[in-house]
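# Working through the structure, step by step
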Amino acid sequence: MNIERLNRRDFLKAGAVVSSFMIVPRHVLGRGYKAPSDMIALGFIGCGRQSGGLRNRFLDTQETRIIAASDVYAVKQETFVNAANKWYSEKLGEGTYKAATGIKDFRELLSRKDIDAVVIAAPDHWHAAMAVRAAEAGKDIYCEKPLSLTVKEGRAMVNAARKYSRVFQTGSMQRSAPEFTKAVQLVRSGAIGTIKKVYVNVGGPPKVWDLQSETKPEGLDWDLWMGPNAIERPYNNELAPAMDAKFWPKWRDYVEFGGGGMTDWGAHMFDIAQWGLNMDSSGPAELVYSEPGKGLVYKYANGVEVIHRPMEGKQHCHFVGTDGEVFVARGELKTTPEPLKDKVFNAGEAGVYVSTNHYKDFLNAIRTRKLPICDVETGHRTASVCNIGNIAYGLGRSLKWDPVKEQFEGDKKANELLGRSMRKEWKV
């Protein structure tokens, strides 16, 4: 750097880089680890069961520093922070390496200038309130799927990301898995002819509240856990289980907090259907409801039908074309004719974005300021397919949908369900 041109701001920035660089022992840098000044500083919002896997995936990239974590449940926050610091301690060869700190209120985390991006792993009813505020705070965002609890909240997330020029990756990580990439390449390349139907096998809509009030554990701020919800519910262990629980939290099963299997696994498998149909910026034109338990048919303007089958068992996406079929599930790809599954595609062929690591793809997008593989608009459109399906199920009738206006045609009641009442403090 030309010392004669070094102003006070540049000097302070340079000093900060030197300071952060010096906290790592010199021998560490010889192991292939980046200096902290070259790494992306992350803050985690939500430290429950899902966050552990995300934490490890981001740490494994060796391109990030997790420097803060926030949760309303003290023991979960502490467990997360300790695990992150243990990882750094073991990898960097130090006896104690304090990398991450715990913060109860995520708004305090967002106010920190040393955090580049946030990973949102809170329950679905919190996603929009957190993501919109993260964008306003100038943070890039990785948010778990399903992206939003309602269509209107999803659009608010897109608008905020665009307004503040934020990189936003949706956690639909199947888009970075080889079997799903190959499936979409086959479909988009015309290898099975013109697509006629797509079968999506995931669970059904959420259920009404049926839990009893239980004694709230120490260290849990239940009012803050409820957050944006205007409808209050009492604490129950099913919603925010203890650290040693052997089951996934069941808040996603209830309409106040999630969208049932329709959004939980639907955000994965409807996402692949949308990707394969090249509908990442659009959606269906009609939803045809028959009777309870018999599924739902989404009709697209191009004549393709996406058929939801609310069944138990292996979740999958099954494309049926005029010249063949593609069946894809996690770790499984079947084609008709069978040799199609061995077809080799070059990167970018058939107009398909190829990512081999969902987390590195996000970090690369932060550095290049390009869209990641599952941008916020994409995540919003997939979540919308799931959410409007839940509306059709809830009303028990067929609906006409305008994917441009994001409204139902001639159905006031259905349109009222595109949003929800939120506490004033958390409105988006």
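Predicted model only: the values in this text are computed from it and were never measured.

## Quick look at the nonpolar core
Within soluble globular proteins, side chains that are nonpolar tend to cluster in buried spots. The biggest cluster of nonpolar side chains holds 48 residues, and the ones touching the most others in it are V198, V200, F270, Y298 and C317. Residue contributions to this core peak at 6 residues, all from helix α13 (residues 376-395). Beyond its immediate sequence surroundings of up to four residues, V198 is in contact with A273, L277, V304, E305, V306, I307, C317, H318 and F319.

## Focus: the sheet that holds strand β11 (residues 316-321)
Reading across the sheet, the 9 strands line up as β13-β12-β11-β7-β10-β9-β8-β14-β15 and stay open at both edges, with mixed pairing between neighbours. Of all the strands in the sheet, the pair left with one neighbour each is β13 (332-336) and β15 (407-408). Pairing analysis gives 6 bridges linking strand β7 (residues 195-202) to β11, with the strands arranged antiparallel. Within β11, the residue paired with K197 across the bridge is V320. Relative to strand β12 (residues 325-329), helix α8 (residues 178-188) is tilted by about 160°, and along the sheet it contacts β7, β11, β12 and β13.

## Some details on the sheet that holds strand β3 (residues 101-103)
Read across the sheet, 6 strands follow the order β3-β2-β1-β4-β5-β6 without closing on themselves; strand pairing throughout is parallel. Looking at which strands have only one partner, the edges of the open sheet turn out to be β3 and β6 (168-170). Averaged over all pairs of adjacent strands, the angle between strand axes in this sheet comes to 25°, irrespective of strand direction. As paired strands, strand β4 (residues 117-120) and strand β5 (residues 140-143) are joined by 4 bridges and run parallel to one another. Looking at β5, one finds that I120 is bridged to C143. Set on the sheet, helix α12 (residues 358-368) makes contact with β1 (40-45), β2 (64-70), β4, β5 and β6; between it and β5 the angle comes to about 165°.

## Considerations on the packing of helix α3 (residues 49-60) against α12
Where α3 meets α12, the closest approach of the two axes is 9 Å, and the angle between their N-to-C directions is 60°. The orientation of α3 with respect to α12, classified from their angle, is oblique. In this structure, the crossing between α3 and α12 has a hand that is right-handed. Two secondary-structure elements touch here, α3 through L54, R57 and F58 and α12 through Y359, F362 and L363. Classifying every residue of the contact of α3 with α12 gives 5 nonpolar, no polar and 1 charged.

## Focus: the pattern of salt bridges
Evaluation of the coordinates by the stated rule reveals 29 salt bridges. The shortest N-O distance in the salt bridge between E425 and R107 comes to 2.8 Å. Of this pair, E425 sits in the segment after α14 (412-416) while R107 is found in helix α5 (residues 106-110), placing the two residues 318 residues apart along the sequence. Overall, the relative accessible area of 48% leaves E425 in the partly exposed class. The shortest N-O distance in the salt bridge between K145 and D264 comes to 2.9 Å. Linking K145 in the loop between β5 and α7 (151-163) with D264 in helix α10 (residues 260-264), this pair joins segments that are 119 residues apart in sequence. With relative accessibility at 11%, the residue K145 sits in the buried group.

## A short note on the packing of aromatic side chains
Tallied over the entire structure, the rule returns 19 aromatic pairs. Summarising the aromatic geometry, the rings of F58 and F362 are spaced 6.3 Å apart at their centres and angled 75° between planes, so their arrangement reads as edge-to-face. With F58 in helix α3 and F362 in helix α12, this residue pair connects regions lying 304 residues apart in the sequence. We note that F58, like F362, is buried. Geometrically, the ring pair formed by W225 and F257 is edge-to-face, given 5.2 Å between the ring centres and 65° between the ring planes. Linking W225 in helix α9 (residues 222-226) with F257 in the loop between α9 and α10, this pair joins segments that are 32 residues apart in sequence.

Calculation criteria
Per chain, residues are indexed from 1 in the order of the written sequence. Local features in this predicted model are restricted to residues of pLDDT 70 or higher, and side-chain atom pairs are both shown and tallied only at a pLDDT of 80 or more, whereas totals for entire chains, interfaces and linings draw on every residue. Based on all heavy atoms of the structure, the side-chain values leave hydrogens and waters out of the count. Joining through side-chain atoms within 4.5 Å is the link that ties buried Ala, Val, Leu, Ile, Met, Phe, Trp, Tyr and Cys residues into a set, and such a set is a nonpolar core. Note on classification: 1.4 Å probe, protein chains only; a residue is buried when its accessible area is under 20% of the maximum for its type, exposed when over 50%, partly exposed between these limits. The helix count covers DSSP runs of H or I at least four residues long, the strand count covers runs of E at least two residues long, and both are numbered beginning at the N terminus. Throughout, a contact is declared for two residues whenever any of their heavy atoms are within 4.5 Å. Two strands make a pair as long as DSSP finds a minimum of two bridges between them. Axis geometry follows a simple rule: fit a line to the C-alpha atoms, using only the stretch in contact for helices, then measure angles between N-to-C directions, giving values from 0 to 180 degrees. These descriptions rest on fixed angle ranges, namely under 35 degrees for roughly parallel, over 145 for roughly antiparallel, 65 to 115 for roughly perpendicular, and the rest for oblique. Crossings are classed by handedness, with left-handed meaning an anticlockwise turn of the near helix from the far one by less than a right angle and right-handed meaning a clockwise turn. Following the grouping adopted for this structure description, the nonpolar residues are Ala, Val, Leu, Ile, Met, Phe, Trp, Tyr, Cys and Pro, the charged ones are Asp, Glu, Lys and Arg, and the polar ones are all others, Gly among them. For this document, the term salt bridge refers to a Lys or Arg side-chain nitrogen within 4 Å of an Asp or Glu carboxyl oxygen. Under the pairing criterion, centres of Phe, Tyr and Trp rings, with the six-membered ring standing for Trp, must be within 6.5 Å; the plane angle then separates stacked pairs below 30 degrees from edge-to-face pairs above 60, leaving the rest tilted.

So, to be careful, I would describe these as geometric facts and stop short of saying anything about function.
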